[in-house]
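Topology and contacts: notes
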Protein chains: 2
Amino acid sequence: MWQLYQFPLCPFSRKVRLTMAEKGIAVELVRVSPWLDDDDFADLTPAKQTPVLVEASKGIVLIDSTAIAEYFEETVDRAPMIPGTAPNRAEIRRLVSWFDIKLYQDAVAPLMHERMLKRLITREPPDAQALRRAMTAIDSHLDYLDYLLDHRRWLAGPVLTLADLAAAAQLSVADYLGGIDWRGHKQTVDWYAVMKSRPSFRPLLGERMEVIMPPAHYDKPDF
Amino acid sequence: MWQLYQFPLCPFSRKVRLTMAEKGIAVELVRVSPWLDDDDFADLTPAKQTPVLVEASKGIVLIDSTAIAEYFEETVDRAPMIPGTAPNRAEIRRLVSWFDIKLYQDAVAPLMHERMLKRLITREPPDAQALRRAMTAIDSHLDYLDYLLDHRRWLAGPVLTLADLAAAAQLSVADYLGGIDWRGHKQTVDWYAVMKSRPSFRPLLGERMEVIMPPAHYDKPDF
């Protein structure tokens, strides 16, 4: 069976879990804390980044959430997450890169640093200015999602794709960390409510990171 | 014909140019300066990032270097750049993400900021400490390339792949900006010398960015 090395608030591990759940692939979770010096995990991946996905019986080790998503797209026909023509697939991949890189760097990574890593490691209080910058960044990312959803049923077009899973994975971590003010983003709220109701999403919403509690609305489909 | 919106020192545009050249796809270059407020370019891509690839006669606009590389991998059989089994392809994609995200953020982006953007926009002198950090980061990335090349003929295995193009694109920009000390990295030097000699690479090495000159060894295959 596949083993996923991850921690509950890793947005890229969430993207992999959503992809595997949508495709009906069983996976066993292995909890790691990449911010600690864990030699076993470092042996598995010198980059010391989650997610890492292992199929020991086949000797397969997969690293990088996009490489993993493309792997299952190629090997599992069920529930295609990068469907359509070559230009459709390019549009899905454009959005996945945008959420994985820009949404993560502008907003999710700073929130994780201020509200998760500082809490777990240095015990410093969060930097209010960094938090404000992150929440302002999220707000403009939500404006862009609203814009996409004004023209499309799902983020990349008429069907659910990896772009929806990548965006929901990032936003779910930001929301857990209290970094999202949903007011004024009805299109994105409606889309995210549907994402939250999917069977693939429910297990993630039930998990908690030690010592850090999410806001009350976090796991409610209507919020 | 395809039109690529780019500037000479954009590592992601270089990755696309190398991919198209290896596959023998003609492309016309359109020079843009994303750091200026160019409304036409902003209309094309709200993210205001290069590369953007346009086929006006077909109404196709492709954004994001990885989405573009995957697009040509799917639509052009010649010179496959993501070849092999699903695990082989996952390894190529893992390395492409590593070079596009980590090598770029740790080293190439700071070098571009200190030695290109400051020169073109603010005219400030580069920050010596930031330059040192970037060059130290490049050195450990070169150590990792040396390690890969101790075990493999090319970065991802026995054949040239998108991983080699992505790494060479990033390193070529860092080298143009005088950010690489090649001493002590024989494996990577030998690999990069071969990359520089490829017909796909020669045109890039001949181009110059206004007011910024590369070191003498920059375009020499033996350096």
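Just so it is clear, the structure is predicted and the values come from calculations on it, not from any experiment.

**Some words on the confidence of the model for chain A**
- Per-residue confidence for chain A averages 96 on the pLDDT scale, and 100% of its residues sit at or above 70.
- Interface confidence in the predicted complex, given as ipTM, is 0.96; pTM for the same model is 0.97.

**Here we look at the domain arrangement of chain A**
All names here are of chain A.
- Split into domains, chain A comes out as domain 1 (2–75) and domain 2 (86–206).
- The straight-line distance from the C-alpha centre of domain 1 to that of domain 2 is 20 Å.
- The interface is formed by 17 residues belonging to domain 1 together with 25 residues belonging to domain 2.
- Interface area for domain 1 against domain 2, summed over the two sides, is near 1900 Å², with a carbon-plus-sulfur share of 71%.
- Of all residues in domain 1, the largest losses of buried area upon contact with domain 2 belong to Leu-9, Arg-14 and Leu-18, amounting jointly to 35% of the total for that side.

**Looking at the packing of aromatic side chains**
Residues and elements named next belong to chain A.
- Within this structure, the stated rule accounts for 28 aromatic pairs over all chains.
- Measuring from ring centre to ring centre gives 5.9 Å for Trp-2 and Tyr-71, while their planes differ by 80°; the resulting arrangement is edge-to-face. Of this pair, Trp-2 sits in strand E1 (residues 2–6) while Tyr-71 sits in helix H3 (residues 65–75), and the two are 69 residues apart along the sequence.
- Residue Trp-2 is classed as buried on the basis of its relative accessible area of 9%.

**So, the sheet that holds strand E1 (residues 2–6) of chain B**
Residue and element names in this part refer to chain B.
- Strand order in the open sheet formed by four strands is E2-E1-E3-E4, and the pairing between neighbours is mixed. Of all strands in the sheet, those with a lone pairing partner are strand E2 (27–31) and strand E4 (60–63), marking the two edges. Averaged over all adjacent pairs, the angle separating strand axes in this sheet is 20°, with direction ignored.
- Pairing of E1 with E2 involves five bridges; the strand directions are parallel. If you follow Trp-2 over to E2, its bridge partner there is Val-27.
- Relative to the sheet, helix H1 (residues 11–22) contacts E1, E2 and strand E3 (52–55), its axis offset from that of E1 by approximately 155°.
- Helix H3 (residues 65–75) rests against E1, E3 and E4 of the sheet, and its axis sits at about 125° to E4.

**Details of the interface of chain A and chain B**
- At the interface, 22 residues of chain A touch 22 residues of chain B.
- Taken together, both faces of the contact between chain A and chain B bury some 1800 Å²; the carbon and sulfur share is 67%.
- For the chain A face of the interface with chain B, the top three residues by lost area are Glu-74, Arg-93 and Arg-94 of chain A, together amounting to 23%.
- Put simply, chain A and chain B have six salt bridges between them.
- Notably, a salt bridge pairs Arg-93 of chain B with Glu-70 of chain A, separated by 3.9 Å at the nearest N-O pair.
- Elements with a minimum of two residues in the side of chain A that touches chain B: strand E4 (60–63), H3 and helix H4 (86–122) of chain A.
- Here the element with the most residues in the side of chain A that touches chain B is H4 of chain A; it accounts for 11 residues.
- For the side of chain A that touches chain B, the class distribution of residues is 11 nonpolar, four polar and seven charged.

**Looking at the packing of helix H1 (residues 11–22) of chain A against H4 of chain A**
Residues and elements named next belong to chain A.
- It is at 11 Å that the axes of H1 and H4 come closest, and there the two elements cross at 135°. When the axes of H1 and H4 are compared, the pair comes out oblique. Residues Pro-11, Phe-12 and Lys-15 of H1 form the contact with H4, whose own contacting residues are Val-96, Asp-100, Tyr-104, Val-108 and Met-112.

**Focus: the environment of Asp-143 of chain A**
All names here are of chain A.
- With respect to the secondary-structure elements, Asp-143 resides in helix H5 (residues 128–151).
- Residue classification places Asp-143 among the partly exposed residues on the basis of a relative accessible area of 41%.
- When the C-alpha atoms of Asp-143 and Trp-35 are compared, they prove to be 32 Å apart, with 108 residues separating the residues in sequence.

The rules behind the values
- Residues numbered from 1 in each chain as written.
- Chains lettered and ligands numbered in written order.
- Predicted model: local features only at pLDDT ≥ 70, side-chain atom pairs only at ≥ 80, totals over all residues.
- Heavy atoms only, no water.
- pLDDT = per-residue confidence, 0-100.
- Domains from an automatic or database assignment.
- Contact = heavy atoms within 4.5 Å.
- Buried area = accessible area lost by both parts, 1.4 Å probe.
- Phe/Tyr/Trp six-rings, centres within 6.5 Å; stacked < 30°, edge-to-face > 60°.
- Helix = DSSP H or I, 4+ residues; strand = E, 2+ residues; numbered from the N terminus.
- Buried < 20%, exposed > 50% of the residue type's maximum accessible area, 1.4 Å probe, protein only.
- Pairing = 2+ DSSP bridges.
- Axes fitted to C-alpha atoms, helices over the stretch in contact; angles between N-to-C directions.
- Salt bridge = Lys/Arg side-chain N within 4 Å of Asp/Glu carboxyl O.
- Nonpolar A, V, L, I, M, F, W, Y, C, P; charged D, E, K, R; others polar.
- Parallel < 35°, antiparallel > 145°, perpendicular 65-115°, else oblique.

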